Amino acid sequence: MKNKLFRMIPKIDEILNDARVIKYLEEYPRVYLINASNEKLNSIRNQIRSLDDSNILKFKVDFDEIVNEVVKNATLKSQTKLRRVINATGVVIHTNMGRSLLSEKALSNALKLASNYNNLELNLETGKRGSRYDHLEELITMITGAEACHIVNNNAAAVMLVLASMASGKEVIVSRSELVEIGGSFRVPDIMKLSSCNLVEVGCTNKTHLLDYQNAISEETAMILKVHTSNYKIMGFTESQSVGDLAILAKAENIPLVEDIGSGSLIDLSKFGIAGEPTVMDSLQAGADVVTFSGDKLLGGPQCGIIVGKKEYIDKMKKHQLTRAFRVDKVILSLLETTLREYLDEEKLLKNNPTLSMITADKVALLNKTKAFKNVLDEINGLNTEIVEAVSEVGGGSLPLTELYGFNLVVSVDGISNEKLKTALREYRIPIIARINDDKLLFDVRTLKVEEFDIIKTALKEIIA
Ligand SMILES: *Cc1c(COP(=O)(O)O)cnc(C)c1O
């Protein structure tokens, strides 16, 4: 009986000659189809092997079902693994979903640059070899007021290069309240060790006095490092030293003061009700000699680490061995240049920079957008929606206490649990990531594009059907 079933399993060639498969092969490579076929046929063989008398008579080898599934799985295999998703969480700088979105203009400039040869390391005035770092130096120093700048792959690399080039084999003083861990793999004490620096911890978790720093200074001290506590706040009975106070001490002792500012905001966000995030300019003006920050957090650009400050230190970094290992690509430099040029006109910046535009979106606009989204989803039968006030976060380990006020659309479907709905949305062709809070499935339009409303509608319709 089983042998009869085994003989009914189609040969791969039969599958390959089916019209549905031939259509698939016009567009996609054969390898995905062969792999999907082998997987399907193996699974049928295993199923037959495990049949017993109770179910063997009911088992059918259905050629149409096999071909349909093979084509479906081959289509899934032919999709890129790294895919677009729809972020309905309202968390703007979402580390799991790629942090900052880039502006159209930045992307179109980068496309033009990367699909053509370019002057990445060619000095067009002299015709000789140039430096990839020169192109952005004027722009960054103009925006930040710094003497010089350098760019590496991310802020973790920036901190490491700063430590390795300025303090290798020597002591670095850090407050115990600032021994930060960022996202698991970046820990200040570990980065110190990797850079061959000796960490000198001062103060306590809640309080570090200026005298603590002063008492720790010796001939071995190479630097005072201040780390912005981007992703947490210590509250209550606390004391920490401002960059300004530390700068006075550092200058008197002739020791450089470095601040890892983390997010690296280049505009004052307090006028949008977002307080507590120092700007790069604040830090430099308060007297930091070197400041490091990320390109893809509040700056709203590509992943990179930017180092600004005194030329004597930056020059040393540019000559350091690690600079080659941390070197940024032309695409990143192009994306960063366009993103930063948009900073020269703040009004347009808030419209063009997706990260800043989403963070600073006002409540009235968000309410209208939520209503428009509700109208789109209300066309679906069997779906219930309700608009509620909501707070969201900036994300990306930035501004942990800042609450962004907006709205959520609560969505429910009779007969389907919210968990099931959430999973089905995540498994949709274009994955849609929504949140569940208090047993409610929530969509936050802050991070949605208007053109995504219809995609979500189609997805929900398909899931309900
Ligand atoms: C985010 C952050 C980092 C790490 O920056 P990446 O660009 O993610 O490498 C380092 N220090 C601080 C204070 C941060 O907030």
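Residues numbered from 1 in each chain as written. Predicted model: local features only at pLDDT ≥ 70, side-chain atom pairs only at ≥ 80, totals over all residues. Heavy atoms only, no water.

Under the definition given, this model contains 24 salt bridges. Here Glu121 makes a salt bridge to Arg129, at a shortest N to O gap of 2.6 Å. Lys348 is the salt-bridge partner of Asp345, the closest N and O atoms lying 3.5 Å from each other. What you see here is one network of salt bridges that share partners, running through Glu121, Arg129, Arg132 and Arg327. (Salt bridge = Lys/Arg side-chain N within 4 Å of Asp/Glu carboxyl O.)

To continue, consider the site of the ligand. As a structural note, the neighbourhood of the ligand is formed by Arg99, Asn154, Asn155, Ala156, Ile182, Phe186, His228, Ser230, Asp260, Gly262, Ser294 and Lys297. In this structure, Asp260 approaches the ligand through a side-chain N or O atom, which is 2.6 Å from a nitrogen atom. Of all elements in the fold, only α8 (155–167) and β8 (257–262) reach the threshold of two or more residues within the shell around the ligand. Residue composition of the shell around the ligand, by class: 3 nonpolar, 6 polar and 3 charged. (Near = heavy atom within 4 Å. Polar contact = N/O pair within 3.5 Å; in protein donor to acceptor, adjacent residues only side chain to side chain. Helix = DSSP H or I, 4+ residues; strand = E, 2+ residues; numbered from the N terminus. Nonpolar A, V, L, I, M, F, W, Y, C, P; charged D, E, K, R; others polar.)

This brings us to the sheet that holds strand β14 (residues 435–437). Pairing is antiparallel in the open sheet, where 4 strands are placed in the order β11-β12-β15-β14. The strands lining the two open edges of the sheet, one partner per strand, are β11 (383–392) and β14. Between one strand and the next, the sheet's axes are offset by a mean angle of 40 degrees, whatever the strand orientation. Across the sheet, helix α18 (residues 363–377) is in contact with β11, β12 (404–413) and β15 (440–444); its angle to β12 comes to roughly 10 degrees. (Pairing = 2+ DSSP bridges. Axes fitted to C-alpha atoms, helices over the stretch in contact; angles between N-to-C directions. Contact = heavy atoms within 4.5 Å.)

We now examine the pairing of strand β2 (residues 148–152). Where burial is concerned, most of β2 is hidden: 5 out of the 5 residues are buried. Here 5 bridges tie β2 to strand β10 (residues 305–309), and the two strands are oriented antiparallel to one another. Residue pairing for β10: Cys149 is matched across the bridge by Val308. (Buried < 20%, exposed > 50% of the residue type's maximum accessible area, 1.4 Å probe, protein only.)

Inspection of helix α7 (residues 134–144) places Leu136, Glu137, Leu139, Ile140, Thr141, Ile143 and Thr144 among the buried residues, and these make up the whole buried set. Lining the buried residues of α7 we find β2, α12 (280–285), β10, α13 (311–319) and α15 (330–341). Note on α7: the residue one or two positions beyond its end, Gly145, has a positive phi of about 80 degrees.

Their axes nearest at 10 Å, the elements helix α19 (residues 418–426) and helix α20 (residues 452–464) cross at an angle of 120 degrees. Considered as vectors, α19 and α20 are oriented oblique to each other. The interaxial crossing formed by α19 with α20 has right-handed handedness. Of the residues in α20, those in contact with Leu421, Ala424 and Leu425 of α19 are Ala459, Leu460 and Ile463. Here the residues of the contact of α19 with α20 are counted per class, giving 6 nonpolar, no polar and no charged. (Parallel < 35°, antiparallel > 145°, perpendicular 65-115°, else oblique. Left-handed = near helix turned anticlockwise from the far one by under 90°.)

What follows deals with the packing of aromatic side chains. Taken as a whole, this structure holds 3 aromatic pairs when the rule is applied. Relative to Tyr28, the ring of Tyr24 lies with its centre 4.9 Å away and its plane at 40 degrees, an arrangement referred to as tilted. The buried category is assigned to Tyr24, whose relative accessible area is 5%. Residue Tyr28 is classed as partly exposed on the basis of its relative accessible area, which comes to 28%. Feature note: the residues Phe373, Phe443 and Phe453 constitute an aromatic cluster, connected by ring pairs. (Phe/Tyr/Trp six-rings, centres within 6.5 Å; stacked < 30°, edge-to-face > 60°.)

Another point: the nonpolar core. Ranked by internal contacts, the top residues of the largest apolar core, which has 54 residues, are Ile151, Ile224, Val308, Leu340 and Tyr343. Looking at this core element by element, the count peaks at 5 residues for helix α11 (residues 243–253). Not counting chain neighbours up to four residues away, the residues in contact with Tyr343 comprise Ile143, Leu266, Ile267, Leu298, Leu299, Leu349, Asn353 and Leu356. Counting residues in each nonpolar core, the second largest holds 30 residues, with Ala148, Val188, Val227 and Ile307 among its members. (Core = buried A, V, L, I, M, F, W, Y, C linked by side-chain atoms within 4.5 Å.)

By secondary structure assignment, the location of Lys297 is in the loop between β9 (290–294) and β10. No salt bridge forms around the buried Lys297; measuring N to O, its nearest opposite-charge neighbour Asp296 is 6.8 Å away. Residues contacting Lys297, with those up to four places away along its chain left out, are Ile93, Arg99, Ser100, Gly262, Ser263, Thr355, Gly396 and Ser398. (Lys, Arg positive; Asp, Glu negative; His and termini not counted.)

Picture the strands of a sheet paired through backbone hydrogen bonds; they go either parallel or antiparallel. A sheet is described by the order of its strands in space; here 7 strands give the open sequence β2-β10-β9-β8-β7-β3-β6, paired in mixed fashion. A strand with exactly one partner marks an edge of an open sheet, and here the two such strands are β2 and β6 (198–202). Looking at each pair of strands side by side, their axes are set apart by 25 degrees on average, direction ignored. Packing of α7 onto the sheet brings it into contact with β2 and β10, and relative to β2 it is tilted by some 115 degrees.

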